[in-house]
Amino acid sequence: MSSNKHLDFIENDLNELKEKGLYKNIKTIESPQGAWVNIKGKKVLNFCSNNYLGMANHPRVTDAAKNAIKDYGVGPGAVRTIAGDMDIHQKLEKKLAEFKGVEAALSVQSGFKANLSAIPSLVGKGDTIISDALNHASIIDGSRLSRAEIKVYSHNDVNELEEILKQNPPGKKLIITDGVFSMDGDIAPLPEIVELAEKYGAMTLVDDAHGEGVLGDSGKGIVDHFGLHGRVDVEVGTFSKALGVMGGCIAGSKQIVEYIKQKARPFTFSSALTVPDTAATLEAINILSESDELVLKLWDNAEYFKQGVRDLGLDTGGSETPITPVMIGDAKDATTFSERLFKEDVFAQAIGFPLVPQGQARIRAMISAAHSKEDLDFALDKFAKVGKEMNLI
Ligand SMILES: *Cc1c(COP(=O)(O)O)cnc(C)c1O
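Residues numbered from 1 in each chain as written. Predicted model: local features only at pLDDT ≥ 70, side-chain atom pairs only at ≥ 80, totals over all residues. Heavy atoms only, no water.

1. Looking at the overall build of the protein chain
Argument step 1. Helix and strand counts for the protein chain stand at 15 helices and 13 strands.
Argument step 2. By the compact-globule yardstick of 21 Å for 393 residues, the protein chain fits well, its C-alpha radius of gyration being 22 Å.
Argument step 3. Its C-alpha atoms give the protein chain principal-axis dimensions of about 60 × 60 × 55 Å.
Argument step 4. Within the protein chain, buried positions represent 52% of all 393 residues.
Argument step 5. Here the analysis covers contacts within the protein chain between residues at least 6 apart in sequence; of these, 70% occur between residues at least 24 apart.
Argument step 6. When the accessible surface of the protein chain is totalled, it reaches about 17,900 Å², and 51% of it is carbon and sulfur.
Argument step 7. Counting 44 positive and 55 negative side-chain charges, the protein chain places the centres of these two groups 4 Å from one another. (Helix = DSSP H or I, 4+ residues; strand = E, 2+ residues; numbered from the N terminus. Rg over C-alpha atoms; globule rule 2.2 N^0.38 Å. Buried < 20%, exposed > 50% of the residue type's maximum accessible area, 1.4 Å probe, protein only. Contact = heavy atoms within 4.5 Å. Areas by Shrake-Rupley, 256 points an atom, 1.4 Å probe, with all protein chains shown as cover. Lys, Arg positive; Asp, Glu negative; His and termini not counted. Charge placed at Lys NZ, Arg CZ, Asp CG, Glu CD.)

And the structure:
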């Protein structure tokens, strides 16, 4: 026990987390992100990163960051409302808007901050947020910060969403959904959601963190995937997944983006994205705008791996994207499976309760364009070996 009695709760709570199996042990990566990473001096095949297109260590992206540091230094100085915009922030935002096919975009420090910026700007006390049950933590926190009333509908259940809208909840109404759900890899029924929003006069916000660089023409995202340009009010995004860097964005009409810029506290009271992040993200979008080669490779890899997993007799759940859950069932089995894979040089995370329902624990394999077919064959061999050892196949 600590000698500071008033801090005893910390040790107690940490022990409780460990007893419940919720304590996070975080691995140390000793190399750039890529198909393979070094952990404790060992090279392992990486299925744990959202680096869908291999941008995190793409030579053009890293060069852009280095060159920008030569021209602009590292830090933005202060919040933009005081220190001013740097022209590279404006360049990035213009390029982002062009890429996504919207009038305007605003960059913020992360995808998490993008939700904390957008949601409380649009709704407040007396208004209503209508939210998918499996929405990301940053949507939940942004919603709570807004002080609007939060009504939750069952995952992807548009009938339940309509029931809530029919009751005409108070104030402004904002429907929020993830575009791609990160634990199952399924896609939100955005066309139906948009139709309901139009019918009942609600605003829509889609968080496309796992859709950008993945869905739509050249990875333009879920709005492009469904051809819903101009019909979704706000798109939230991250630069940390397919774009391989760090940062977040809010995209939509000029007016709505300007409104959020004027009102969002994380924009007004927290400094801008750093210079290297800004320049690297801009270059990642340039690469995507020039060619869809990486996006096509990502999908080809994803189909190849999923089919391989199914051929082994394992279940990939309801995934429609490169996020590949390999369903195991019992949480302890999933953990054992992951540890066994790691011994075989495959780094793939076990995901269990509370991230997914009890009994639906899984290995989540994040497929990337950085993987080669040989990498995926290597992994499939190891999934087969461990699956047989554990009598799962
Ligand atoms: C990853 C993720 C975020 C957070 O993005 P960061 O840029 O890492 O803060 C937000 N929303 C969703 C849906 C995500 O998957």
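2. A closer look at the sheet that holds strand β2 (residues 42–46)
Argument step 1. With respect to topology, three strands assemble into an open sheet ordered β1-β2-β11, the strand pairing being mixed. Because the sheet does not close on itself, it has two edges, and the strands there are β1 (36–39) and β11 (346–347).
Argument step 2. Relative to β11, β2 runs parallel, the two sharing two bridges. Counted as the bridge partner of N46 is F347 from β11. (Pairing = 2+ DSSP bridges.)

3. Some details on the domain arrangement of the protein chain
Argument step 1. What the domain assignment lists for the protein chain is domain 1 (59–290) and domain 2 (292–389).
Argument step 2. When domain 1 packs against domain 2, close to 1,300 Å² is buried across both sides, 61% of that on carbon and sulfur atoms.
Argument step 3. Together, M183, D184 and V214 form the three largest contributors to the area buried by domain 1 at its contact with domain 2, with a combined 44%.
Argument step 4. Taken together, the links from domain 1 to domain 2 amount to one salt bridge.
Argument step 5. The salt bridge involving R362 is made with D184; its shortest N-O contact spans 2.9 Å.
Argument step 6. Taken together, domain 1 and domain 2 are joined by seven residue pairs in polar contact (both at pLDDT 80 or more). (Domains from an automatic or database assignment. Buried area = accessible area lost by both parts, 1.4 Å probe. Salt bridge = Lys/Arg side-chain N within 4 Å of Asp/Glu carboxyl O. Polar contact = N/O pair within 3.5 Å; in protein donor to acceptor, adjacent residues only side chain to side chain.)

4. Observations regarding the site of the ligand
Argument step 1. With respect to spatial proximity, 13 residues lie near the ligand, and among them G111, F112, D207, T238 and K241 are the closest.
Argument step 2. Note that an oxygen atom of the ligand is positioned 2.9 Å from one of the backbone N or O atoms of F112.
Argument step 3. Between an oxygen atom of the ligand and a side-chain N or O atom of K241, the distance comes to 2.6 Å.
Argument step 4. Alone, the ligand offers 390 Å² of accessible surface; in the complex the protein occludes 87% of this. (Near = heavy atom within 4 Å.)

5. Examining the packing of helix α5 (residues 111–122) against helix α6 (residues 137–146)
Argument step 1. Close contact between α5 and α6 brings their axes to 8 Å; oriented N to C, the two are set at 35 degrees. The two elements α5 and α6 cross, and the hand of that crossing is right-handed. Residue-level contacts link F112, N115, L116, I119 and P120 of α5 to S138, I139, D141, G142, S143, L145 and S146 of α6. (Axes fitted to C-alpha atoms, helices over the stretch in contact; angles between N-to-C directions. Left-handed = near helix turned anticlockwise from the far one by under 90°.)

6. Looking at the side chain of K382
Argument step 1. Within the fold, K382 resides in helix α15 (residues 373–389).
Argument step 2. Owing to a relative accessible area of 18%, K382 belongs among the buried residues under this scheme.

7. Quick notes on the pattern of salt bridges
Argument step 1. Using the criterion set out here, one finds 25 salt bridges in the structure.
Argument step 2. One salt bridge in this structure joins E93 and R80, with 2.9 Å as the shortest N-O distance. Linking E93 in helix α4 (residues 87–100) with R80 in helix α3 (residues 80–83), this pair joins segments that are 13 residues apart in sequence.
Argument step 3. The structure contains a network of salt bridges with shared partners spanning R340, E344, K382, K385 and E389.

8. Considering a nonpolar patch on the surface
Argument step 1. On the surface, a nonpolar cluster with roughly 560 Å² of combined accessible area is contributed by L7, F9, I10, L14, L17, L22 and Y23.
Argument step 2. Residue classification places L7 among the partly exposed residues on the basis of a relative accessible area of 32%. (Patch = residues over 30% accessible without salt bridge, like charges linked within 9 Å, V, L, I, M, F, W, Y side chains within 5 Å.)

9. Re the UniProt feature "modified residue: N6-(pyridoxal phosphate)lysine" (unreviewed entry) in the protein chain
Argument step 1. Under the local residue numbering, the UniProt record ascribes the feature "modified residue: N6-(pyridoxal phosphate)lysine" (unreviewed entry) to K241.
Argument step 2. Within the secondary structure, K241 sits in the loop between β8 (234–238) and β9 (248–252).
Argument step 3. Aside from chain neighbours lying at most four places away, what touches K241 is N50, N51, Y52, A209 and H210. (UniProt positions renumbered as here; feature names shortened; annotations may be inferred.)

10. Comments concerning the pairing of strand β4 (residues 128–132)
Argument step 1. The element β4 is largely enclosed, with a buried count of five among its five residues.
Argument step 2. Burial along β4 is two-sided: the residues T128, I130 and D132 and I129 and S131 are all buried.
Argument step 3. Examined bridge by bridge, β4 and strand β5 (residues 149–153) share five bridges and lie parallel to one another. Bridge pairing links D132 to Y153 in β5.
Argument step 4. As a crossover connection, the stretch from β4 through α6 into β5 is right-handed.
Argument step 5. In terms of strand pairing, β4 meets strand β6 (residues 173–178) through four bridges, oriented parallel. Note on β6: the bridge partner recorded for I129 is L174. (Right-handed = clockwise from strand over helix to strand, strands pointing away.)

11. Comments concerning the packing of aromatic side chains
In this description, a pair of aromatic rings is defined by centroid distance and the angle of the planes.
Argument step 1. Enumeration according to the criterion identifies five aromatic pairs in this entry.
Argument step 2. Relative to F347, the ring of F342 lies with its centre 6.0 Å away and its plane at 75 degrees, an arrangement referred to as edge-to-face. Comparing F342 with F347, the two get one shared label, buried.
Argument step 3. Members of the aromatic cluster, joined through ring pairs, are F47, F305, F337 and F383.
Argument step 4. The residue whose ring lies beneath K18 is Y23, and the NZ or CZ to ring-centre distance is 4.6 Å.
Argument step 5. It is K42 that lies over the ring of F342; its NZ or CZ is 4.8 Å from the centre. (Phe/Tyr/Trp six-rings, centres within 6.5 Å; stacked < 30°, edge-to-face > 60°. Lys NZ or Arg CZ within 6 Å of the ring centre and 35° of its normal.)

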